[in-house]
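Structural overview for review
Chain by chain, the residues:
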Amino acid sequence: MNKNILIILTGGTIAMKLSEKLGVIPTSEFADFLKSFPQLTSTAQVDVLEFSNIPSPYMTPEKMFELARLIDLKAVDYDGLVITHGTDTLEETAYLADLVLTTRKPVVFTAAMRSGSDLGLDGPRNIIGAVRVACHPDSYDKGVLVVMNDEIHAARDVVKSDTGKVDAFISLGYGPLGSVDPDRVVYHRQTIFQESIWTDKLEPNIDLIKATAGMDARYIQCSIQHKAKAVVIEAMGRGNLPDYLEPDIRQALDSNILVVLSSRAYTGRVLPEYGYVCGGKYLQQMGVILAGDLQGIKARLKLMVLFGKYNDPLLVRKFFLDSIV
Ligand code: ASP
């Protein structure tokens, strides 16, 4: 018997078309297209629900959290859920959902790099792939999955690596969990990085700063003035910063702001390796937290979730450190 799948629409290029005057913009036709898409209706028993119809740069952590609550609510009535989303912030929404969802049923995000007016559409194929993965028994209890271009990725690992290609979504350093082949869904590996942080609210006041050669302290000072709860700095390499930022980082720490380092490099972990002023080891000894292999945008979301749950920098520090890879 066909499985019951709910497709929740949030918007993105998958639901957009080209207008000669305006460029690629949202349309209202996507839900109707899905309801009459024969390959879809023969793959599963599908219901469609529109959460929003926005370009994903308009997504906010609050909207992501509201979406996650809807997914949990609806999961009771379905065998699995597929979420369509814009590609620009998909990895953030999928990761936030991965952290806060309580359901263990398959939850699969998908999207399209090409709008409904483009040649060689990837959207319909990605939807079918996502629905097939959501129906598959091995997708149970895998955390939030992302299906693009016939590949299955873990939300924690996946990034949009290219602005235009259909194979833009990759799991940097780790590779996909599996493939959506014509005959069946195949899992190649299991992720061991699953975690759940159940909270009923988020703390939005967490900043992310990218380190650049010769940067000054304006952004760190801005976080201090705005009383951010935490600031993630995408540092250089293994987790290193310019030496002259030391007083500003100390001021942030003295102001009870958690300072968390991730790397602006694409893969690998930040480590307490370098002992020079503002090297990773030096910064860790000052009280800075090193975020392991977690990308800056994901470390920021995780801190939003942890502060939402505990609202206490000591507890957030403890739980953040406990779960670093
Ligand atoms: N700008 C679009 C969005 O994220 C890109 C896409 O969906 O591929 O909504």
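Residues numbered from 1 in each chain as written. Predicted model: local features only at pLDDT ≥ 70, side-chain atom pairs only at ≥ 80, totals over all residues. Heavy atoms only, no water.

What to know about the overall build of the protein
A count of helices and strands for the protein gives ten helices and 16 strands. In terms of C-alpha radius of gyration, the protein reaches 21 Å, essentially the compact-globule figure of 20 Å for 325 residues. The dimensions of the protein, computed from C-alpha atoms along their principal axes, are 60 × 45 × 30 Å. When burial is assessed residue by residue, the protein has 53% of its 325 residues classed as buried. Counted over contacts in the protein with a minimum sequence separation of 6, partners at least 24 positions apart contribute 74%. Accessible surface for the protein amounts to roughly 14,700 Å². Of this, 51% is attributable to carbon and sulfur atoms. Averaging the locations of the 34 positively and 39 negatively charged side chains of the protein gives two centres separated by 2 Å. (Helix = DSSP H or I, 4+ residues; strand = E, 2+ residues; numbered from the N terminus. Rg over C-alpha atoms; globule rule 2.2 N^0.38 Å. Buried < 20%, exposed > 50% of the residue type's maximum accessible area, 1.4 Å probe, protein only. Contact = heavy atoms within 4.5 Å. Areas by Shrake-Rupley, 256 points an atom, 1.4 Å probe, with all protein chains shown as cover. Lys, Arg positive; Asp, Glu negative; His and termini not counted. Charge placed at Lys NZ, Arg CZ, Asp CG, Glu CD.)

Some details on the packing of aromatic side chains
Scanning the entire structure with this criterion turns up five aromatic pairs. Judged by centre distance (5.0 Å) and plane angle (25 degrees), the rings of Phe 33 and Phe 37 are stacked. On the basis of relative accessibility, which here comes to 8%, the residue Phe 37 falls in the buried class. Judged by centre distance (5.5 Å) and plane angle (40 degrees), the rings of Tyr 274 and Tyr 276 are tilted. Grouped by ring-pair contacts, the aromatic residues Phe 30, Phe 33 and Phe 37 constitute a single cluster. For Lys 302, the ring lying beneath its charged end belongs to Phe 320, and the centroid distance is 5.2 Å. Stacked on the ring of Phe 319, the Lys or Arg Lys 318 has its end atom at 5.1 Å from the ring centre. (Phe/Tyr/Trp six-rings, centres within 6.5 Å; stacked < 30°, edge-to-face > 60°. Lys NZ or Arg CZ within 6 Å of the ring centre and 35° of its normal.)

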